[in-house]
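A look at the structure
Single-letter residue listing:
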Amino acid sequence: MKHILFICTGNTCRSPMAEGLLRKAAKERGISLSVRSAGVAATDGSAISRHAKAVLQDHNVHDVITSSSLTSEHVEWADLILTLTGSHKQHVLHYFPNAADRIYTLKEYAEDDIKVLEDLKERDRLYAEWEMKRALGQETEPFDRQRIIEIQQRIPSFDISDPFGGSREDYDVTAAEIRAAVERVLDKLR
């Protein structure tokens, strides 16, 4: 069974919706997964937002999901870590550089353009090396920093929109983004 962890900021909107939607879609397809979510700035045990809960209920997802702060135990548990934005990914890479080969944004993991995937792999390798050097007190080569910038300018945005504080319609738009990416993720996991 594959263990998948979704990560966003407060673990009250995007990552709980992704968790619930993936769990349901995997069950419908007969794919055995264990799914959790956490936040980089979450308070343990908080309820998910009322709009996120309503969206999940509209999709017949009735799981009880409460917020959880990201811990090393989450990272160790996960076979695949899917963040909802690039900044969440960078945060996780900063604190857990040894998990770099398991960390993607949801949309980039769902991506299937070969050139984009090659750029992502090179960028992530360079960034992980950069973080490791910083952790060891070593300098990063200017060429590597420049290469990261060049690659970043070429690749599309892989961020899922943040509905926090928005209307129910904002949550529906975000859920649609998540649902489309989740379906492509399941295609890859087959």
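Shown above is the structure to which this text applies.
Read on for an overview of the structure. (Residues numbered from 1 in each chain as written. Predicted model: local features only at pLDDT ≥ 70, side-chain atom pairs only at ≥ 80, totals over all residues. Heavy atoms only, no water.)

**Some points on the packing of helix α6 (residues 114-135) against helix α7 (residues 142-154)**
- The geometry of α6 relative to α7 is characterised by a closest axis approach of 10 Å and an angle of 145 degrees between their N-to-C directions. For the crossing formed where α6 meets α7, the hand is left-handed. On α7, the residues that touch D119, E122, R123, L126, Y127, W130 and K133 of α6 are D144, R145, R147, I148, I151, Q152 and R154.
- A class-by-class count of the residues in the contact of α6 with α7 yields five nonpolar, one polar and eight charged. (Axes fitted to C-alpha atoms, helices over the stretch in contact; angles between N-to-C directions. Helix = DSSP H or I, 4+ residues; strand = E, 2+ residues; numbered from the N terminus. Left-handed = near helix turned anticlockwise from the far one by under 90°. Contact = heavy atoms within 4.5 Å. Nonpolar A, V, L, I, M, F, W, Y, C, P; charged D, E, K, R; others polar.)

**Focus: the pattern of salt bridges**
- Per the stated rule, a full pass over the model turns up 19 salt bridges.
- D119 serves as the salt-bridge partner of K115, at 3.6 Å between the closest nitrogen and oxygen. Linking K115 with D119, this pair stays in helix α6, spanning four residues, or about one helical turn.
- Between D172 and R168 there is a salt bridge, with the nearest N and O atoms lying 3.1 Å from each other. Pair noted here: D172 and R168 are both in helix α8 (residues 168-189), with a separation of four residues, about one helical turn.
- Using a relative accessible area of 33% as the deciding quantity, one classes D172 as partly exposed. (Salt bridge = Lys/Arg side-chain N within 4 Å of Asp/Glu carboxyl O. Buried < 20%, exposed > 50% of the residue type's maximum accessible area, 1.4 Å probe, protein only.)

**Things to note about the side chain of H51**
- One can find H51 in helix α2 (residues 50-58).
- Leaving out residues up to four positions away in the same chain, H51 has contacts with G166, S167, R168 and Y171.

**Let's talk about the nonpolar core**
- Counting 33 residues, the largest nonpolar core has F6, M17, L22, L33, L106, I178 and L186 as the members making the most contacts within it.
- Those elements giving two or more residues to this core turn out to be β1 (2-8), α1 (14-29), β2 (33-39), α2, β3 (80-83), α5 (106-110) and α8.
- No other element matches the seven residues that α8 contributes to this core.
- Ignoring sequence-local partners within four residues, the contact set of I178 consists of R14, M17, A18, L21, L84, L106 and I160.
- Counting residues in hydrophobic clusters, the runner-up holds 16 residues, among them V92, F96, A99 and A100. (Core = buried A, V, L, I, M, F, W, Y, C linked by side-chain atoms within 4.5 Å.)

Structural measurements only, silent on function.
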